Amino acid sequence: MSLTPFTKQQLLPQEEKLEIYRHKSELFIGIPKETSYQERRICLTPDAVNSLTSHGHKVMIEAGAGLSSSYTDKEFSDAGASITNDTKKVLSCPIILKVEPLTMEEIALINQNTIVISAIQLKTRKKEYFEALTKKKVTALAFEYIKDEDGSYPAVKSLSEIAGTASVLIAAELMINNQFGKGLLLGNITGVPPTDVVILGAGTVGEFAAKTALGLGASVKVFDNSITKLRRLQNNLNQRIFTSTIQPKSLLKALRRCDVAIGAMRGKDRCPVVVTETMVEHMKKGAVIVDVSIDTGGCFETSEVTTHECPTFIKNNVVHYCVPNIPSRYSKTASLSISNIITPYLLQIAEDGGIESAIRCNKGLKNGVYLYHGILTNKAIGDWFNLPNNDINLIVF
């Protein structure tokens, strides 16, 4: 008998293992009206609803949910959504879509095993929020954690683009000659020295603020401690601008001369405070500070959180604008942006045969899951609130 490296068992015909065909699933999505203070956005536009309903999915929207993004109930019902005044009915849908996280009252109304897709805004959450969702065995995805093929976070990125662009437009508005403004136009007028803008941070917010300021004709200086980010910013702007690492001396010099300072720094848990109160005291009278990073604490020592209704305060003769949720001011643009990101994922979930298969097939979507059937799967949240957590890769393969 000739020797063979195989055992007798291995030489016998083996069963063939075929991939099981995935059945497409039908989604039933509920969109309740946003109840959070100052939240004016909605997750799906009528066009997105139309795209979902034409694929055979159902969408139920609470009456008036799109009004603050200037979408009427009629536009949604024409797109194929069913409209209802009954909040309970909307919250009993198997998939809930929201911009802001669910409130405790809303969590009480949802069914067991609901799928919740919303922002999470970790800094404003309490431990009870996660415990309440766990009790309901919810599977929850956060916009902020969903990754793209290139490893970036598309939802964070597009809202940062809006915030960056808006920060310069807001500053331009605040400089007009009202009670305190200097009466400066943020534009390049022949024979007039350009307005000086200092941007702290060279991330997406900083880049879009710089693009907008340059587009209006301002002179721009960008400070960041990452040379890589500054290099990327210059390449994306297609022109050389003043860039510098953050050194107190050169930063102070720039702040003393500038008309507008924009804070766009990010930190791991809290944004670093780069500008001290003393530096702000040295700024010109009537200069404008727009602190975009206020939602993680702000990078100016003098910053304090303000609201859309009362957005500014004056400290050391400098106008401060510190509203944490700038994109909500441009609710239609922000809604379109969120909708464009979320719709392909929803269609993908249906195509893959439900959320279970979808997170198996899509690594970026899996990254967005922070609760899986009531099991906390996000280490950052677990560490932050001292809650037991599991690695999702050990639960879903």
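In what follows, the structure referred to is the one given above.
Residue indices begin from 1 for each chain and proceed along its sequence in written order. Note on the predicted model: pLDDT of at least 70 is required for a residue's local features to be given, and 80 or more for side-chain atom pairs to be given and counted; whole-chain, interface and lining totals, by contrast, use all residues. Based on all heavy atoms of the structure, the side-chain values leave hydrogens and waters out of the count.

Caption draft 1: Representation of the side chain of serine 293 in the model. Within the secondary structure, serine 293 sits in the loop between strand 11 (288–291) and strand 12 (312–315). Relative accessibility thresholds used throughout: buried, under 20% of the residue-type maximum; exposed, over 50%; partly exposed, between the two (1.4 Å probe, protein chains only). Since its relative accessible area comes to 4%, serine 293 is described here as buried. Note on contacts: a residue pair qualifies if any of its non-hydrogen atoms lie within 4.5 Å across the two residues. Sequence-distant contacts of serine 293, defined by excluding residues within four places in its chain, comprise Gly263, Ala264, Met265, Cys271, Gly298 and Cys299. Secondary structure follows DSSP: runs of H or I at least 4 residues long count as helices, runs of E at least 2 residues long count as strands, and numbering of each begins at the N terminus.

Caption draft 2: Fine view of a nonpolar patch on the surface. A patch is a set of surface residues, each over 30% in relative accessible area and not in a salt bridge, joined within 9 Å for like charges and within 5 Å for the nonpolar side chains Val, Leu, Ile, Met, Phe, Trp and Tyr. Here the accessible surface of atoms and residues is derived via Shrake-Rupley with a 1.4 Å probe, and residues count as covered only by protein chains that are part of the display. Note on definitions: salt bridges are taken to be side-chain nitrogens of Lys or Arg within 4 Å of carboxyl oxygens of Asp or Glu. On the surface, a cluster of nonpolar side chains totalling about 280 Å² of accessible area is made up of Leu185, Ile189 and Val192. On the secondary structure map, valine 192 appears in the loop between helix 7 (154–174) and strand 7 (196–200). Its relative accessible area of 46% is what places valine 192 among the partly exposed residues.

Caption draft 3: The arrangement of empty space enclosed by the protein in detail. Within this scheme a cavity is a closed region of a 1 Å grid, computed over the protein atoms alone, that accommodates a 1.4 Å probe without allowing it to escape, whereas a pocket is open but has protein on both sides within 12 Å along at least five of seven lines; lining residues each have an atom within 4 Å of a point. Grid points are joined across faces, edges and corners, and a volume is the space filled by probe spheres set on the points. Applying the stated rule across the entire model yields one cavity of 30 Å³ or more. Roughly 30 Å³ of volume is contained in the largest cavity. Looking at the largest cavity, the residues that line it are Ile31, Pro32, Glu34, Arg41, Ile42, Cys43, Ala65, Leu97, Lys98 and Val99. By residue class, the composition of the lining of the largest cavity is seven nonpolar, no polar and three charged. Gly is placed with the polar residues, together with every amino acid not listed as nonpolar (Ala, Val, Leu, Ile, Met, Phe, Trp, Tyr, Cys and Pro) or charged (Asp, Glu, Lys and Arg).

Caption draft 4: Spatial organisation of helix 2 (residues 46–54). Every buried residue of helix 2 is listed here: Pro46, Ala48, Val49, Leu52 and Thr53. Taken around the axis of helix 2, the buried residues stretch over an arc of 155°, which confines them to a single face. Along helix 2, the residues that are exposed and aim more than 90 degrees away from the buried face are Asp47 and Ser54. Where helix 2 is buried, its residues touch strand 1 (28–31), strand 2 (58–62), helix 3 (73–78) and helix 12 (331–351). In the stretch just after helix 2, glycine 56 is the one whose phi turns positive, near 90°. It is the directions from the helix axis to the C-beta atoms whose arc is reported.

Caption draft 5: Representation of the layout of surface pockets in the model. The computed volume of the second largest pocket comes to approximately 150 Å³. Along the walls of the second largest pocket sit Lys24, Ser25, Glu26, His55, His57, Leu347, Ala350 and Glu351, which together make up its complete lining. Residue composition of the lining of the second largest pocket, grouped by class: two nonpolar, three polar and three charged.

Caption draft 6: View of the environment of isoleucine 241. Here isoleucine 241 shows up in the loop between helix 9 (227–237) and strand 9 (242–244). Between the alpha carbons of isoleucine 241 and glutamate 356 there is a distance of 48 Å; along the sequence they are 115 residues apart. Among all residues touching isoleucine 241, those that are not within four sequence positions of it are Leu214, Val220, Val222, Leu233 and Gln234.

Caption draft 7: Region of the structure containing the pairing of strand 2. Of all five residues in strand 2, four are buried, a share of seventy percent or more. Two elements, strand 1 and strand 2, share four bridges in a ladder whose sense is parallel. Of the residues in strand 2, the one forming a bridge with glycine 30 is methionine 60. For a crossover, the right-handed case is the one in which the path from the first strand over the helix to the second runs clockwise, viewed with the strands pointing away from the viewer. You can see the chain leave strand 1, run along helix 2 and come back into strand 2, and the turn it takes is right-handed. Two strands are said to pair when DSSP picks up at least two bridges between them. Note that strand 2 and strand 3 (residues 82–84) share three bridges and pair parallel. When the bridges of strand 3 are listed, glutamate 62 appears paired with threonine 84. Taken together, strand 2, helix 3 and strand 3 form a β-α-β motif whose crossover is right-handed.

Caption draft 8: Here's a closer look at the sheet that holds strand 9. Read from one edge of the open sheet, seven strands run 9-8-7-10-11-13-12, paired in mixed fashion. This sheet does not close on itself; its edge strands, each paired only once, are strand 9 and strand 12. Pairs of neighbouring strands in the sheet enclose a mean axial angle of 20°, with direction left out of account. Where strand 8 (residues 219–223) and strand 9 come together, three bridges link them in parallel fashion. The residue of strand 9 that forms the bridge with valine 222 is threonine 243. Running at roughly 150° to strand 11, helix 7 makes contact with strand 10 (260–263), strand 11, strand 12 and strand 13 (318–321) of the sheet. Axis geometry follows a simple rule: fit a line to the C-alpha atoms, using only the stretch in contact for helices, then measure angles between N-to-C directions, giving values from 0 to 180 degrees.

Caption draft 9: Layout of the environment of phenylalanine 208. Here phenylalanine 208 shows up in helix 8 (residues 204–216). When sequence neighbours within four positions are dropped, the list of residues in contact with phenylalanine 208 reads Glu161, Gly164 and Thr165.

Caption draft 10: Just the sheet that holds strand 15 (residues 375–376), in detail. Read from one edge of the open sheet, eight strands run 3-2-1-4-5-6-14-15, paired in mixed fashion. Either end of the sheet is taken by a strand with one partner, and the two such strands are strand 3 and strand 15. Bridge count for strand 4 (residues 95–97) against strand 5 (residues 115–118) is three bridges, and the pairing is parallel. Residue pairing for strand 5: isoleucine 96 is matched across the bridge by valine 116.

Caption draft 11: Representation of the packing of aromatic side chains. The criterion for an aromatic pair is that two Phe, Tyr or Trp rings (for Trp, the six-membered ring) have centres within 6.5 Å, with stacked assigned to planes under 30 degrees apart, edge-to-face to planes over 60 apart and tilted to the rest. In this structure the tally under the stated criterion is five aromatic pairs. Measuring from ring centre to ring centre gives 5.1 Å for tyrosine 129 and phenylalanine 130, while their planes differ by 85°; the resulting arrangement is edge-to-face. Residue tyrosine 129 shares its accessibility class with phenylalanine 130, and that shared class is buried. An aromatic cluster is present here, built from Tyr129, Phe130, Tyr370 and Phe385 joined pairwise through their rings. To sit over a ring, a charge needs its Lys NZ or Arg CZ within 6 Å of the ring centre and within 35 degrees of the ring normal. Looking at arginine 125, its charged tip hangs above the ring of tyrosine 129, at a distance of 4.9 Å from the centre.

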